[in-house]
Amino acid sequence: MKPAFRNLSPEAPCVEILWDGAPLQLPNGANLAGALLAAGIGTFRKTPVSGAPRAPYCMMGSCYDCLVTIAGVTRQACQVTVSAGLVVAPAGGSDA
Ligand code: FES
């Protein structure tokens, strides 16, 4: 399936991050939520009650559907900039 988002600056230098333990090349300095969506990542977390998959919605820090853990700290991906070496995982873990 074709991602709903695309990188508007494909010439931007990429850096490596880890997404859920797997290496991923993302544009340096890009918005993390947008870059993950453009890379085809569709589930950032799951709801604690029903387990429904969630992905970024507002892209401005209001909805909290973009929660991920970065180096073990829960963060809003839409409020983080891509930089080399980020260790990112779905909030609550892969099975959350
Ligand atoms: S996308 Fe809504 S808080 Fe990040």
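Before reading on, note that the structure itself is shown above.
Residues numbered from 1 in each chain as written. Predicted model: local features only at pLDDT ≥ 70, side-chain atom pairs only at ≥ 80, totals over all residues.

### Topic: the overall build of the protein chain
Within the protein chain, the secondary structure is distributed over one helix and seven strands. If you list the helices and strands of the protein chain from N to C, you get β-β-α-β-β-β-β-β. Taken against the 2.2 N^0.38 rule, which gives 12 Å for 96 residues, the C-alpha radius of gyration of the protein chain at 12 Å falls within 12% of a compact globule. Taken along the three principal axes of its C-alpha coordinates, the protein chain extends 40 × 25 × 25 Å. Split into buried and exposed, the 96 residues of the protein chain put 26% on the buried side. (Helix = DSSP H or I, 4+ residues; strand = E, 2+ residues; numbered from the N terminus. Rg over C-alpha atoms; globule rule 2.2 N^0.38 Å. Buried ≥ 20, exposed ≤ 12 C-beta atoms within 10 Å, placed from the backbone.)

### Details of the pairing of strand 7 (residues 87–90)
As paired strands, strand 1 (residues 14–19) and strand 7 are joined by two bridges and run parallel to one another. Bridging across to strand 7, W19 finds its partner in V88. Of the pairings in the sheet, the one linking strand 5 (residues 67–70) to strand 7 comprises three bridges and is antiparallel in character. Looking across to strand 7, one finds that I70 is bridged to V88. (Pairing = 2+ DSSP bridges.)

### A closer look at the environment of G40
As for its position among the elements, G40 is in the loop between helix 1 (32–38) and strand 3 (45–46). A residue is classified by how many C-beta atoms lie within 10 Å of it, and G40, with 12 of them, is exposed. Each C-alpha atom, one on G40 and one on R6, is 9.2 Å from the other, the two residues being 34 residues apart in sequence.

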